[in-house]
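Structural features, examined
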Amino acid sequence: MRAIGVRELKTHASEIMRKVREERVSYTITYRGKPVGVLLPLEENGDVAREKEQDSWAELEKIREKMALLPRPKKSLIEALSEMRR
């Protein structure tokens, strides 16, 4: 997702909206460098386009399943950190 400042959005609103509509580009709107909103394309029925988000969740689920098959560590993270501090 591309970041765009509120001033740039104001200056190039028509061009940005064309990209959202035709090229399906998503933007994070920033104000003084901090994210304040999101501009996303809508589906034909008016729903937010969430294909990429759903793909990300599916990918995360695959990673979780792979990690579940790995052997458990013999020490907890707390124990390992305690040893490193000694």
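Residues numbered from 1 in each chain as written. Predicted model: local features only at pLDDT ≥ 70, side-chain atom pairs only at ≥ 80, totals over all residues. Heavy atoms only, no water.

**Notes on helix α2 (residues 13-23)**
Filter applied, for reference: Only protein chains enter the accessibility calculation, which uses a 1.4 Å probe; a residue is then buried when its area is under 20% of its type maximum, exposed when over 50%, and partly exposed in between. Segments assigned H or I by DSSP are reported as helices when at least four residues long, segments assigned E as strands when at least two residues long, and all are numbered from the N terminus. To be clear, the arc concerns the directions from the helix axis to the C-beta atoms. When checking whether two residues touch, look at their non-hydrogen atoms; a contact exists if any pair is within 4.5 Å.
The set of residues buried in α2 consists of I16, K19 and V20. All buried residues of α2 fall inside an arc of 95 degrees around its axis, so they share one side. α2 presents S14, R21 and E22 as exposed residues on the side facing more than 90 degrees away from its buried surface. Buried residues along α2 sit in contact with β1 (2-5), α1 (6-11), β2 (27-31) and β3 (34-39).

**Remarks on the sheet that holds β2**
The strands that make up a sheet are held in pairs by hydrogen bonds between backbone atoms, and each pair lies either parallel or antiparallel. In plain terms, the rule: Two strands are counted as paired when DSSP detects at least two bridges linking them. In this description, a line fitted to the C-alpha atoms serves as the axis of each element, helices being fitted only across the stretch in contact, and the angle between N-to-C directions of two axes falls anywhere from 0 to 180 degrees.
With respect to topology, 3 strands assemble into an open sheet ordered β1-β2-β3, the strand pairing being mixed. Of all strands in the sheet, those bounded by a partner on one side alone are β1 and β3. Pairs of neighbouring strands in the sheet enclose a mean axial angle of 35 degrees, with direction left out of account. Relative to β3, β2 runs antiparallel, the two sharing 5 bridges. Considered in β3, the bridge of T28 is made with V38.

**Here's the deal with the pairing of β3**
Summarising burial for β3: 0 of the 6 residues are buried, a small minority. The turn joining β2 and β3, which pair antiparallel and follow one another in sequence, is formed by 2 residues; a positive phi near 55 degrees is taken by R32.

**Brief notes about the side chain of T30**
Among the structural elements, T30 can be located in strand β2. Apart from the residues lying within four places of it in its own chain, the contact partners of T30 are A3, I4, G5, V6, P35 and V36.

**Observations concerning the confidence of the model for the protein chain**
For the record, the criterion: Each residue gets a pLDDT score, which is the predictor's confidence in that residue and runs from 0 to 100.
Counting all residues, the mean pLDDT for the protein chain is 86, and 88% of those residues have values of 70 or more. Between the elements of the protein chain, mean pLDDT differs from a low of 78, seen in helix α3 (residues 51-69), to a high of 94, seen in α1.

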